[in-house]
Amino acid sequence: MKLLIVEDEPKTGCALLQGLGEAGFAVDLAVDGTSGERLALAGEYDLLILDVMLPERDGWQILNAVRQAGLETPVLFLTARDAVADRVHGLELGADDYLVKPFAFAELLARVRSLLRRGQVSAPETRLQAADLELDLLRRRVRRNGRRIELAPREFALLELLLRRQGEVLPKSLIAVEVWNMHFDSGTNVVEVAVRRLRAKIDDSFVPPLIHTVRGLGYVLEVREAP
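Looking at an unreviewed UniProt entry, one finds the protein named Heavy metal response regulator transcription factor, with Azorhizophilus paspali as its source organism.

Below is the structure:
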């Protein structure tokens, strides 16, 4: 994780640089607002630690520039300004946390780690793949070996389920619930028919086959080595 500290007080800046470096972070230090803003806007950092009172440009101006640029980098204010109005102002500008000097380094480190965990929310998947089969969730398109394949909505939902859980044997009852939102009736062959149609489109003209029947259990999508 890479952090940027913008702090003009030499003793505090050096202590943070050393302490956070020893905690395992890659840390850059800027000692004025102009250079701090330039580095922050590069978008290369996982967390910004800003003082408020800085030469040239203050911490609030840096934060405002970062948010105006569309960057969602977490920001922790570290400042001697302890008035409630100052804290509220910083948070309203888009800061994520506010720690008043003097502070215990252990508390700072805990807050840094908490903000970094908060920022590690996984982005939603937009593409699923197995071998040369690709499923584009945004455009609702499927390609295999570069060739566009047209699927009906239920076929697309079935393929998405198999790809999301590739390597896992899925029973017919689970497929019926997930794709058709229905309880599986052993007397119906709706799942078998849908799988057969899907295979005809994504497997029959390609090598290797990806959808496999596991007798008595269900279906699995996986890449198997040639015997």
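A.B. asks: A description of the packing of aromatic side chains should follow, citing residues and the corresponding values.
C.D. replies: For the coordinates displayed, the defined rule picks out one aromatic pair. Judged by centre distance (5.9 Å) and plane angle (55 degrees), the ring pair of F77 and Y98 falls under tilted. You can see F77 sitting in strand 4 (residues 75-79) and its partner Y98 sitting in strand 5 (residues 97-100), a full 21 residues away along the chain. Assigned by exposure class, F77 and Y98 land together as buried.

A.B. asks: Any details on the UniProt feature "modified residue: 4-aspartylphosphate" (unreviewed entry) in the protein? Residues and values, ideally.
C.D. replies: Within this numbering scheme, the UniProt entry marks D51 as carrying the feature "modified residue: 4-aspartylphosphate" (unreviewed entry). Turning to its location among the elements, D51 is positioned in the loop between strand 3 (47-50) and helix 3 (59-68). Using a relative accessible area of 6% as the deciding quantity, one classes D51 as buried. When sequence neighbours within four positions are dropped, the list of residues in contact with D51 reads V6, E7, D8, G59, F77, L78, T79 and K101.

A.B. asks: Tell me about the sheet that holds strand 9 (residues 147-149), and please be specific about residues and values.
C.D. replies: Two orientations exist for strands paired in a sheet by backbone hydrogen bonds: parallel and antiparallel. Spatially, four strands are ordered 6-7-8-9 in an open sheet, and the strand pairing comes out antiparallel. Both edges of this open sheet fall to strand 6 (127-130) and strand 9, since each of them pairs with a single strand only. Neighbour-to-neighbour, the strand axes of this sheet turn through a mean angle of 25 degrees, independent of strand direction. Pairing geometry for strand 6 and strand 7 (residues 133-136), over four bridges, is antiparallel. Counted as the bridge partner of R127 is D136 from strand 7. On top of the sheet, helix 6 (residues 153-164) reaches strand 6, strand 7 and strand 8 (141-144); it is set at about 115 degrees to strand 7, its chief contact.

What counts, and where the lines are drawn
- Residues numbered from 1 in each chain as written.
- Predicted model: local features only at pLDDT ≥ 70, side-chain atom pairs only at ≥ 80, totals over all residues.
- Heavy atoms only, no water.
- Phe/Tyr/Trp six-rings, centres within 6.5 Å; stacked < 30°, edge-to-face > 60°.
- Helix = DSSP H or I, 4+ residues; strand = E, 2+ residues; numbered from the N terminus.
- Buried < 20%, exposed > 50% of the residue type's maximum accessible area, 1.4 Å probe, protein only.
- UniProt positions renumbered as here; feature names shortened; annotations may be inferred.
- Contact = heavy atoms within 4.5 Å.
- Pairing = 2+ DSSP bridges.
- Axes fitted to C-alpha atoms, helices over the stretch in contact; angles between N-to-C directions.

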